[in-house]
Amino acid sequence: MPAATAVTETEAAPAAASTPSFAARAGRWYRLNRDRLRAIAIGAISLAAFLVVWHLLTTYRIVFFVRFTNVPSPLAVYASFAKAIHDPKFLMHLLLSCRRILFGFSLAAIVGVPLGLIMGRFKLVHEMIFPVAEVLRPIPAIAWVPMAIMLWPTNEQSIVFITFLGSFFPILINTLHGMSLVDPVLVRAAQCLGARERSIFREVYFPASLPHIFTGLTVGMGVAWVSLIAAEMISGQYGIGYFTWEAYSLVQYADIALGMIAIGVLGLGSSLLIRSAGRLVMPWRPT
């Protein structure tokens, strides 16, 4: 029995030694995520520095080309946020803006991506649609507000339409650009292997254009928020853009900054969602 016990202990020792310790696992995780942790730390420091500078400029009412006499301090904005977060009306503003973005941006992606793929593949379609798109593309979203009010029966539909226009053209142009960069050697190789047009679209054109499509979606989301805020300020009755403009009309400076910060956070979150979807769809791309 003692000999058997010694053999068992001898066999168990290498097994225990082969299991990495917590410190080893933590060190390996740190080496793998060192660059990401460094970026997070630098970002946190820069945000903290921004808040400190903002606090000092507003506390001492600095006037140097730019006037900070009426700009609210970070503490005043935080107090406004603590009050607004319990206000159902403020939450309704946020939800309505998010719903408009969802509808307008989704429609732009559903129309813009397939249209860009078709225009990039078929020359006749490109020659028919591209001139019209190029004429309409430089028109800013705010210039569409009077026309949108005339075209659509309700303010809600006109705001969604303006949001759609703002995000549609970046998506379309980036999809077209991605199609133009597809290597023709890959297309000829697929044709030589007997692939039909549908298979070439699915296996060659679409995967090769995906990076540019997601670039267009990211840019389109940013322009969609700009268009939405402009439309809500002019013709809306609800939404975070209307909330910000109403705060300016009522001389509530802290609420103006709160609305601006809310717009920035919502826009950042929307872009992060698109980038995360891009990483899932394109796992071969470097992060």
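Structure's up top.
I will try to describe carefully the structure that is included in this document. Keep in mind the model is a prediction, meaning the values are calculated, not measured. (Residues numbered from 1 in each chain as written. Predicted model: local features only at pLDDT ≥ 70, side-chain atom pairs only at ≥ 80, totals over all residues. Heavy atoms only, no water.)

Quick look at the side chain of Ser80 now. Take Ser80: it is sitting in helix α4 (residues 74-84). A relative accessible area of 10% means that Ser80 is categorised as buried. (Helix = DSSP H or I, 4+ residues; strand = E, 2+ residues; numbered from the N terminus. Buried < 20%, exposed > 50% of the residue type's maximum accessible area, 1.4 Å probe, protein only.)

So, about the nonpolar core. If you look at the biggest cluster of nonpolar residues, it comprises 54 residues, and the most contacted ones within it are Leu217 and Ile240. Breaking this core down by element, the ones donating at least two residues are α4, α5 (88-121), α7 (145-151), α8 (155-180), α9 (184-192), α10 (197-235), α11 (240-249) and α12 (253-281). It is α10 that contributes the most residues to this core, 14 residues altogether. Excluding residues within four positions of it along the chain, Leu217 makes contact with Phe105, Ala109, Ile171 and Ile274. (Core = buried A, V, L, I, M, F, W, Y, C linked by side-chain atoms within 4.5 Å. Contact = heavy atoms within 4.5 Å.)

All right, on to the environment of Ala230 then. Here Ala230 shows up in helix α10. Note on Ala230: relative accessible area 18%, which makes it buried. Sequence separation between Ala230 and Ile162 is 68 residues; the distance between their C-alpha atoms is 9.2 Å.

A separate point is helix α6 (residues 123-136). For α6, spanning 14 residues, the distance from its first C-alpha to its last is 20 Å, which sits close to the expected 20 Å at 1.5 Å a residue. Considering bend angle alone, the principal kink of α6 is centred on Ile129 and spans about 35°; proline Pro131 follows within four residues of it. (Expected span 1.5 Å × (residues − 1). Bend = angle between axes of the 7 residues up to and from the residue.)

On the surface, a nonpolar cluster with roughly 810 Å² of combined accessible area is contributed by Val52, Leu56, Tyr60, Ile62, Phe64, Phe65 and Val66. With respect to the element layout, Val66 can be found in strand β2 (residues 66-67). (Patch = residues over 30% accessible without salt bridge, like charges linked within 9 Å, V, L, I, M, F, W, Y side chains within 5 Å. Areas by Shrake-Rupley, 256 points an atom, 1.4 Å probe, with all protein chains shown as cover. Salt bridge = Lys/Arg side-chain N within 4 Å of Asp/Glu carboxyl O.)

Attention now moves to the layout of surface pockets. Its boundaries defined by the atoms lining it, the second largest pocket holds a volume of some 360 Å³. Breaking the lining of the second largest pocket down by element, the ones donating at least two residues are α3 (34-59), α4, α5 and α12. Tallying contributions element by element places α12 first for the lining of the second largest pocket, with five residues. Within the lining of the second largest pocket, the residues separate by chemical class into 15 nonpolar, no polar and no charged. (1 Å grid on protein atoms, 1.4 Å probe; cavity = no way out; pocket = protein on both sides within 12 Å on 5 of 7 lines; lining within 4 Å. Points joined across faces, edges and corners; volume = space filled by probe spheres on them. Nonpolar A, V, L, I, M, F, W, Y, C, P; charged D, E, K, R; others polar.)

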